[in-house]
Protein chains: 2
Amino acid sequence: MYRYKLIVEYNGTPFCGWQRQSGVLTVQQCLEEAVQPLTKDLVLINGAGRTDTGVHALGQVAHFETDKLLDAFRVQECMNAHLAELPISVLSVEQVDKNFHSRFSAVERYYIYKIVNRRSKLALDINRAWKVLKPLNEEKMNKVAQILVGKHDFSAFRATGCQSNSPVKTLNSISVERFSDQVIVKLAAKSFLYHQVRNIVGSLQKVGTGEWSVDKFQEVFESKDRTQAAATAPACGLYFWKVRY
Amino acid sequence: MYRYKLIVEYNGTPFCGWQRQSGVLTVQQCLEEAVQPLTKDLVLINGAGRTDTGVHALGQVAHFETDKLLDAFRVQECMNAHLAELPISVLSVEQVDKNFHSRFSAVERYYIYKIVNRRSKLALDINRAWKVLKPLNEEKMNKVAQILVGKHDFSAFRATGCQSNSPVKTLNSISVERFSDQVIVKLAAKSFLYHQVRNIVGSLQKVGTGEWSVDKFQEVFESKDRTQAAATAPACGLYFWKVRY
């Protein structure tokens, strides 16, 4: 058997997320259908992370296995031709060792969350960012975010339906930076709980607007109680950035 | 009479450019219709620059005049409500002196041209950037671009149909920078010839790929002959960034 690693960009807006489900359009299904003309048999495409409906990817990583020896460049060209009408692009394909697994071999996953901080509606960033009306203090957001770095029980930011065995995760880094009216949150961890990034951003926003004090944020985090935390930030602001192996 | 200045963002993809024309959707017409419920009479909205079909704006500036004294904040809110279904956003409105003219008072105009330099198709940047397949040497592009700075005859980069009295323009600055697979060209001048930015980018790209030497670019520029220069870069990569008054 031969194994191939894909790096994939997509605009999540028209998709019901990554994972194949009957009756709806998903990224996984579109990729599987795009590789089938080459592999002949239907192959399963495994992703490094299951993005939700409306979540975008700059560098999702996936792999598949086939008994056909394929030319990596040809796989990329054929898949992109097949995906011509869809906002999915295969950025690279390489043949990898059979021990490589897009999900289980990942050492670090990176996410970006994009906020546009202004009153007026979004013309260019509609479905690509979360519009937050109240002025955000990004320095305060960045400072309070640092208490999340390290190994912690993230129950306060864990969605119901999370399939992880434990709420304990290690956040390697988080930063909040402003570029004009954009406030960009970047996060890195080996793995994340379900909705962890969006729940963190939702609560950081409360600190940014001044509705929550730094102490309140810390209390919420330490409560380990999801009902204490703020609402989940919208899916459209989230970008699965890249994966390190 | 009262005069109001608008700053406007738009995604140019669905529009036949800025300027009102019968039978097609244009940004100017949409703005004029959005302000009419407030002014009652149809007012002319003057833009700082007439963008072409598919060209975007981050901060187009426009003004209109009316005999009604309006609250600037209310103008912004009403216009954005009226524009809800369109990718146009009024970022700010302020009452200005009757001597202010969006076009004639402009001291400096800024444009950004966005290239994505890769082989694979664009998923997130479709209609928002020019995809250039061959690897670009952005340092070489930046270096050769500097010969354009200053007061010159830009005939080589002037489109037929240009309504300017003279092909002589002063380019205040130009830079070419790479951010991962994006190559960003930024330009500033009091005013530009028709298609000047896109024609400059088209020829810079030839230097970036190595098809043209630095000497060849200089020769083309000095020939003052449009037919010597490269093809016009696509509209979708161009962003009218901002105007200084």
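In this text the structure is predicted, and so the values were computed from the model without any measurement.

A count of helical and extended segments in chain A gives five helices and 10 strands. Expressed as lengths along the three principal axes of its C-alpha atoms, the size of chain A is roughly 60 × 40 × 30 Å. Looking at the 245 residues of chain A, the share that counts as buried comes to 55%. With an accessible surface of roughly 10800 Å², chain A has 49% of that area assigned to carbon and sulfur atoms. Separation of charge centres in chain A, based on 32 positive and 24 negative side chains, amounts to 4 Å.

To continue, consider the packing of helix α3 (residues 138-145) of chain B against helix α4 (residues 196-209) of chain B. All names here are of chain B. Put simply, α3 and α4 touch, their axes get as near as 8 Å, and they point 130° apart. Compared by their axis directions, α3 and α4 come out oblique. In the crossing of α3 with α4, the sense of the turn from one axis to the other is right-handed. Of the residues in α4, those touching α3 at Lys140, Met141, Val144 and Ala145 are Leu204, Gln205, Val207 and Gly208.

On the chain B side, the residues contacting the 27 residues of chain A number 27 residues. Where chain A abuts chain B, roughly 2000 Å² becomes buried across the two surfaces, and 52% of that area is made up of carbon and sulfur atoms. The largest per-residue losses of area from chain A upon contact with chain B belong to Lys121, Ala123 and Leu124 of chain A, which jointly make up 36% of the total buried on that side. On the surface where chain A and chain B come into contact, there are four salt bridges. For glutamate 77 of chain A, the salt bridge is made with arginine 119 of chain B, and the minimal N-O distance between the two is 2.8 Å. In this structure, the connection of chain A to chain B is made through 18 residue pairs in polar contact (both at pLDDT 80 or more). Elements that contribute at least two residues to the side of chain A that touches chain B include exactly β1 (2-10), β3 (56-66), α2 (72-82) and β4 (88-96) of chain A. Looking at side-chain class alone, the side of chain A that touches chain B contains 15 nonpolar, six polar and six charged residues.

Residues and elements named next belong to chain A. Taken domain by domain, chain A consists of domain 1 (2-96) and domain 2 (108-244). A separation of 28 Å is found between the C-alpha centroids of domain 1 and domain 2. Facing 16 residues of domain 1, the contacting portion of domain 2 comprises 16 residues. Roughly 1200 Å² is buried in total at the junction of domain 1 and domain 2, and carbon and sulfur atoms are behind 56% of that figure.

What counts and what doesn't
- Residues numbered from 1 in each chain as written.
- Chains lettered and ligands numbered in written order.
- Predicted model: local features only at pLDDT ≥ 70, side-chain atom pairs only at ≥ 80, totals over all residues.
- Heavy atoms only, no water.
- Helix = DSSP H or I, 4+ residues; strand = E, 2+ residues; numbered from the N terminus.
- Buried < 20%, exposed > 50% of the residue type's maximum accessible area, 1.4 Å probe, protein only.
- Areas by Shrake-Rupley, 256 points an atom, 1.4 Å probe, with all protein chains shown as cover.
- Lys, Arg positive; Asp, Glu negative; His and termini not counted.
- Charge placed at Lys NZ, Arg CZ, Asp CG, Glu CD.
- Axes fitted to C-alpha atoms, helices over the stretch in contact; angles between N-to-C directions.
- Parallel < 35°, antiparallel > 145°, perpendicular 65-115°, else oblique.
- Left-handed = near helix turned anticlockwise from the far one by under 90°.
- Contact = heavy atoms within 4.5 Å.
- Buried area = accessible area lost by both parts, 1.4 Å probe.
- Salt bridge = Lys/Arg side-chain N within 4 Å of Asp/Glu carboxyl O.
- Polar contact = N/O pair within 3.5 Å; in protein donor to acceptor, adjacent residues only side chain to side chain.
- Nonpolar A, V, L, I, M, F, W, Y, C, P; charged D, E, K, R; others polar.
- Domains from an automatic or database assignment.

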